[in-house]
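Residue-level structure breakdown
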Amino acid sequence: MAALVSTLAAMQWTTLVLLLGAVLLATALSVAVYRLFLHPLASVPGPPLAAVTRLYAFYFNIVKKGTFYLEIERLHEIYGPVVRIAPNEIHLSDPDNYDKIYAVGSKLYKDPVFYGVLDPSELPAMFATTSNEIHRRRRAPLEPFFSRRNVLTLEDVIQNKVERLCGLVENSVSRGEGVDLWAAFRAVSVDVITEYAFDDCWGQLEREDLGDWFSVVMVNSGIAMWFLQQWPFLLTLMDKMPQGLVKKMDPGMGDMLALQERTRKLVENVERDIKAGRKPRQRTIFHDLLDPEVAALNQRQVSIEEMAAEAYAMCAAAAETTGNAMTAATYHVVTNPKIYSKLREELLAMPVAFGDKLSYAELEKRSYLTGVVKEGLRLSYGVIGRLPRVLPQGGGIYNGYHLPEGTVVGMSSYMQHRNPSAFPNPNVFDPERWINIPPAAVAAQNKCLVPFSKGSRGCIGQNLAMCEMYVTLGTLFHRFGDLTAEDVGELVYMDYFNAFNPTDQNLRVFRKREKA
Ligand code: HEM
C-alpha cells in the first residue's frame, strides 16, 4: 500500500488524469461488451446503443422532447414485436401480451426506477407504489368512491362545471374571440376532482388562464422525471438539500413539491374540519376516509400522509388525460364537417329542450357520440408512453423469448391504439369504426383500446372520466354547431408521462365558424 501511495505521489498530474481516463474507458468498454454479448438479454433484438446505455432513451426523452414513444414504434418496425430498448428493458407490441402483463392480480410490479421519481416522497401515492401488496391495501379504501354507482351520484358536480364551460364558450364566441378548450377541458376535470375529493374546488374554470399553470407544473415535473430516471443519485442529493435550494435549482421539481404541499394542506383542512365538527356541503372522498366514525364503520383506517399523497396523485392523473381525450375528440369533430353534422343530428334528436341538462345515462346510449368518445380516447392515448413492469421470480416468456426475473417489460397505448389489424387506417378519427361492426372486430378493437390500462393497477378514475367525457362533449356539441379550430395541423404529443401538445401548436383554440 505504502509503495502504491509513493508511486502515485511520484506521478505527474497529467499522468494521473490519463491513467484515470484509461481506467474509466476500460470499465465503460467492459460494461458495453458485457451488455452486448453476455447479458441475459443479449439475444433480444434492438439497437446496440440502446442495449449498452439508457442514454439512448434519454436522448429522445430530453433532446428530442418526449419522443421516445415514436422511436420505440420505429424500432418495432425494424426489429419485430420484442425490442430491447435499454440495457435491462424490453418493449413489446403484440396485443396478446397486454393481458398477461396488465392483468388483475398480476405478479409483475411497477419499475421502481421509473415510478420512484414520479413520487419521490417517503410514502408515495398508490400510483407510484412498487409493491403490489401495499398497493392493494392502499387502493381498497378508495375504490368504492370511483364505482360507477358512486360516480352517478356525482353527476350534478360535473353538470355544473360543464354549464360553466358552455357559458365560457358562449361568451367568447359572441365576442368573436377564441377559447382555449384544451385548458378548459382540463379545468373541468381538476375542478370536479377537487370538489369531490376535498369539497374545496380549485376554481380553474373561473381563472383567466383556465388553470394553465397546472399544466406548466406537470410539464416541468415531467421533464425533471426523465432527468432523474437517468441519474437517480440526483434524487438522493436533492433529498439532502433544503427545499428552497431544490426549487431554485430545478423549478420543475420545485413546482411539484409546492403543489404536493398545497394538496397536503387541503387534506389537513379536511381533518381539522372533522375535528371541529364542521360538516362538508356534500359527501367527499377525504371527509369520508378521514372521519374516524365512518372509518370505524367501514373498518378502514388511513393516515394523513397517505391521503396527502393520493390527493396530489389524483389531481395530476385527472387533468391532462381527460383534457387531452376531450381535446382530441373536439379537434377532430370540428375539423370534419361530416362528423360534426352526424354528431349534431344524433344529439339534437334527443328528447330534451335546447339548453336543458343531458344526462350521462341518456348520452351513453348514443352510438355516434360513443364512437366520438372512444376515438377521442384512442387518439389521445391516455398515458402515451410505456408502463414499465418488473418480471417476478421465474421471469416470463414473450413471443418465444425467455426473459429472466428482474427484467423490465413495458407496452404502450400508442402502439396498441394504432395497431392496424384492430384499427385499419389507424390515424383516421372515425367514430363509425365502433358502430354496426361484427363481434370479432369489436373484440379486436376492445382488446387494443387501453387508454386506462388494465388490471389491478389500471385507472381508478375510469368511470369518472367517462362520465365527464360524455356529459362535456354531449352538452358542448348539443349547444354549439359552429365551432372551428385555429391553425389546423396534425395533433402531436410530447411524452412527459402525461402527454402534452407543444406550446407552439395552436390547435387548442376553438372559435365560432365564420358564415360563408
Ligand atoms: C381519460 C381520462 C383518463 C385516462 C386516459 C387515464 C389513464 C390512466 C392510466 C393509463 C393509468 C395507469 C398508469 C400506470 O400504469 O402507471 C391510470 C392510473 C390512475 N388514474 Fe387515471 N386516467 C384518466 C382519468 C383519471 C381521473 C379522472 C382520475 C381521478 C381520480 C384518475 C386517477 C388515477 C389514479 C389515482 C391512478 C393510479 C391507480 C393505481 O395506481 O391504482 N385518472 N390512469
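Remember, it's a predicted structure, so these values are computed and weren't measured experimentally.

**Here's the deal with the site of the ligand**
By nearness alone, 28 residues border the ligand, and Tyr115, His135, Arg139, Arg389 and Cys459 come closest of all. Between Tyr115 and the ligand, the recorded distance is 2.6 Å, taken from a side-chain N or O atom to an oxygen atom. Contact between the ligand and Arg389: an oxygen atom at 2.8 Å from a side-chain N or O atom of the residue. Looking at the shell around the ligand, the elements with two or more residues in it are α8 (132-139) and α18 (304-334). In terms of residue count, α18 provides more of the shell around the ligand than any other element does, five residues in total. Class assignment for the residues of the shell around the ligand results in 17 nonpolar, seven polar and four charged.

**Quick notes on the UniProt feature "binding site: heme" (unreviewed entry) in the chain**
UniProt's feature table lists "binding site: heme" (unreviewed entry) at Cys459, given in the numbering used throughout. For Cys459, the position within the fold is in the loop between α23 (439-448) and α24 (462-479). Residues in contact with Cys459, not counting those within four places in the same chain, are Arg139 and Phe452.

**Description of the layout of surface pockets**
Here the largest pocket is characterised by a volume of approximately 640 Å³. Taken together, 21 residues make up the lining of the largest pocket; nearest its centre are Ser121, Glu122, Gln243, Leu257 and Gln260. Counting residues per element, the ones that place at least two in the lining of the largest pocket are α13 (233-240), α14 (243-249), α15 (251-275) and α18. With five residues, the single largest contributor to the lining of the largest pocket is α15.

**Quick word on the pairing of strand β2 (residues 89-92)**
Burial of the side chains of β2 extends over both faces: Glu89 and His91 are buried on one face and Ile90 and Leu92 on the other. Bridge count for strand β1 (residues 82-86) against β2 is four bridges, and the pairing is antiparallel. Following the sheet pairing, Val82 is matched in β2 by Leu92. Between β1 and the antiparallel strand that follows it, β2, lie two residues.

**Thoughts on the packing of aromatic side chains**
Tallied over the entire structure, the rule returns 24 aromatic pairs. Relative to Trp434, the ring of Phe423 lies with its centre 5.9 Å away and its plane at 50°, an arrangement referred to as tilted. Of the two residues, Phe423 sits in the loop between α22 (413-416) and α23 while Trp434 sits in the loop between α22 and α23, which places them eleven residues apart along the sequence. Trp434 matches Phe423 in its accessibility class, with the two residues each being buried. Taken together, the aromatic side chains of Phe114, Tyr115, Phe127, Trp226 and Phe497 make up a single cluster linked through ring pairs. For the cation-ring pair, Arg186 lies above Trp182, with the distance from its terminal atom to the ring centre recorded as 3.8 Å. One cation-aromatic arrangement involves Arg378 over Phe423; the distance from NZ or CZ to the ring centre is 4.9 Å.

**Here's the deal with helix α4 (residues 55-63)**
Buried within α4 are the following residues: Tyr56, Ala57, Phe58, Phe60, Asn61 and Ile62. Along its buried surface, α4 packs onto α3 (48-52), α5 (68-79), α12 (212-230) and β10 (494-496). Among the residues trailing α4, Lys65 stands out with phi positive, at a value near 50°.

**Here we look at the environment of Glu364**
Summarising the element assignment, Glu364 is placed in the loop between α20 (360-363) and α21 (367-378). Using a relative accessible area of 27% as the deciding quantity, one classes Glu364 as partly exposed. Sequence-wise, Glu364 and Leu391 are 27 residues apart; in three dimensions their C-alpha atoms are separated by 38 Å. Once residues lying within four places of it in the same chain are set aside, the contact partners of Glu364 are Arg148, Thr370 and Tyr470.

**Focus on the packing of α4 against α12**
The contact between α4 and α12 brings their axes to 10 Å, and the two run at 165°. Between α4 and α12, the crossing angle belongs to the class labelled roughly antiparallel. Where α4 crosses over α12, the handedness of that crossing is left-handed. Facing α4, whose interface residues are Leu55, Phe58, Asn61 and Ile62, α12 presents Ile223, Trp226, Phe227 and Gln230. Within the contact of α4 with α12, the residues separate by chemical class into six nonpolar, two polar and no charged.

**Digging into the side chain of Asn97**
Along the chain, Asn97 turns up in helix α6 (residues 95-101). For Asn97, a relative accessible area of 2% gives the class buried. Side chain to side chain, Asn97 and Asn399 meet in a polar contact 2.8 Å long. For Asn97, the residues in contact, after removing those within four places along its chain, are Leu92, Tyr398, Asn399 and Met411.

Rules behind the numbers
Residues numbered from 1 in each chain as written. Predicted model: local features only at pLDDT ≥ 70, side-chain atom pairs only at ≥ 80, totals over all residues. Heavy atoms only, no water. Near = heavy atom within 4 Å. Polar contact = N/O pair within 3.5 Å; in protein donor to acceptor, adjacent residues only side chain to side chain. Helix = DSSP H or I, 4+ residues; strand = E, 2+ residues; numbered from the N terminus. Nonpolar A, V, L, I, M, F, W, Y, C, P; charged D, E, K, R; others polar. UniProt positions renumbered as here; feature names shortened; annotations may be inferred. Contact = heavy atoms within 4.5 Å. 1 Å grid on protein atoms, 1.4 Å probe; cavity = no way out; pocket = protein on both sides within 12 Å on 5 of 7 lines; lining within 4 Å. Points joined across faces, edges and corners; volume = space filled by probe spheres on them. Buried < 20%, exposed > 50% of the residue type's maximum accessible area, 1.4 Å probe, protein only. Pairing = 2+ DSSP bridges. Phe/Tyr/Trp six-rings, centres within 6.5 Å; stacked < 30°, edge-to-face > 60°. Lys NZ or Arg CZ within 6 Å of the ring centre and 35° of its normal. Axes fitted to C-alpha atoms, helices over the stretch in contact; angles between N-to-C directions. Parallel < 35°, antiparallel > 145°, perpendicular 65-115°, else oblique. Left-handed = near helix turned anticlockwise from the far one by under 90°.

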